[in-house]
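Residues per chain are reported as follows:
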Amino acid sequence: MGISNNSNHLRTARLNIIQAGAATCIGEMDEFKANVVATEKRIQQEQEGFKIY
C-alpha cells in the first residue's frame, strides 16, 4: 500500500508541475505558486510514505 500511495503522490506532483508550467505561459503567477506548493506537499507525503514502507 505504501508504494502504491507513493506512486500516486509522485504522479500527482508531476501533473502539478505541468500545470504550473502552463500557468506561467499565460501569466498566472498565483496559479503557478499554488501548483508549486501543492507539488512540494505531494513530494513530502511521498517521502513520509516511503519511510513507512
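Residues numbered from 1 in each chain as written. Predicted model: local features only at pLDDT ≥ 70, side-chain atom pairs only at ≥ 80, totals over all residues. Heavy atoms only, no water.

### Quick notes on the overall build of the protein chain
Inference 1: Within the protein chain, the secondary structure is distributed over two helices and zero strands.
Inference 2: Principal-axis analysis of the C-alpha atoms places the extent of the protein chain at approximately 40 × 15 × 10 Å.
Inference 3: For the protein chain, buried positions account for 19% of its 53 residues.
Inference 4: Taking the average location of the 6 positive side-chain charges in the protein chain and that of its 6 negative ones, the two points are 7 Å from each other. (Helix = DSSP H or I, 4+ residues; strand = E, 2+ residues; numbered from the N terminus. Buried < 20%, exposed > 50% of the residue type's maximum accessible area, 1.4 Å probe, protein only. Lys, Arg positive; Asp, Glu negative; His and termini not counted. Charge placed at Lys NZ, Arg CZ, Asp CG, Glu CD.)

### What about the environment of G49?
Inference 1: Mapped onto the elements of the fold, G49 is located in helix α2 (residues 29–52).
Inference 2: Overall, the relative accessible area of 16% leaves G49 in the buried class.

### Describing the side chain of T39
Inference 1: Within the element layout of this structure, T39 appears in helix α2.
Inference 2: We classify T39 as buried; its relative accessible area is 5%.
Inference 3: With sequence-adjacent residues up to four places away left out, T39 is seen in contact with A13, N16 and I17. (Contact = heavy atoms within 4.5 Å.)

### Considering the side chain of N16
Inference 1: Tracing the chain through its elements places N16 in helix α1 (residues 2–25).
Inference 2: Excluding residues within four positions of it along the chain, N16 makes contact with N35, A38, T39 and R42.

### A few points about α2
Inference 1: Helix length check: α2 (24 residues) gives 35 Å between terminal C-alpha atoms against 34 Å at 1.5 Å per residue, within 8%.
Inference 2: Regarding α2, the residues found buried are N35, T39, E46 and G49. (Expected span 1.5 Å × (residues − 1).)

### A closer look at the environment of G27
Inference 1: In this structure, G27 sits in the loop between α1 and α2.
Inference 2: The sequence separation of G27 and I17 amounts to 10 residues, and the corresponding C-alpha distance is 15 Å.

### Things to note about the environment of A13
Inference 1: Here A13 shows up in helix α1.
Inference 2: In the structure, A13 is positioned 35 residues away from E48 in sequence and 15 Å away in space, judged by C-alpha atoms.

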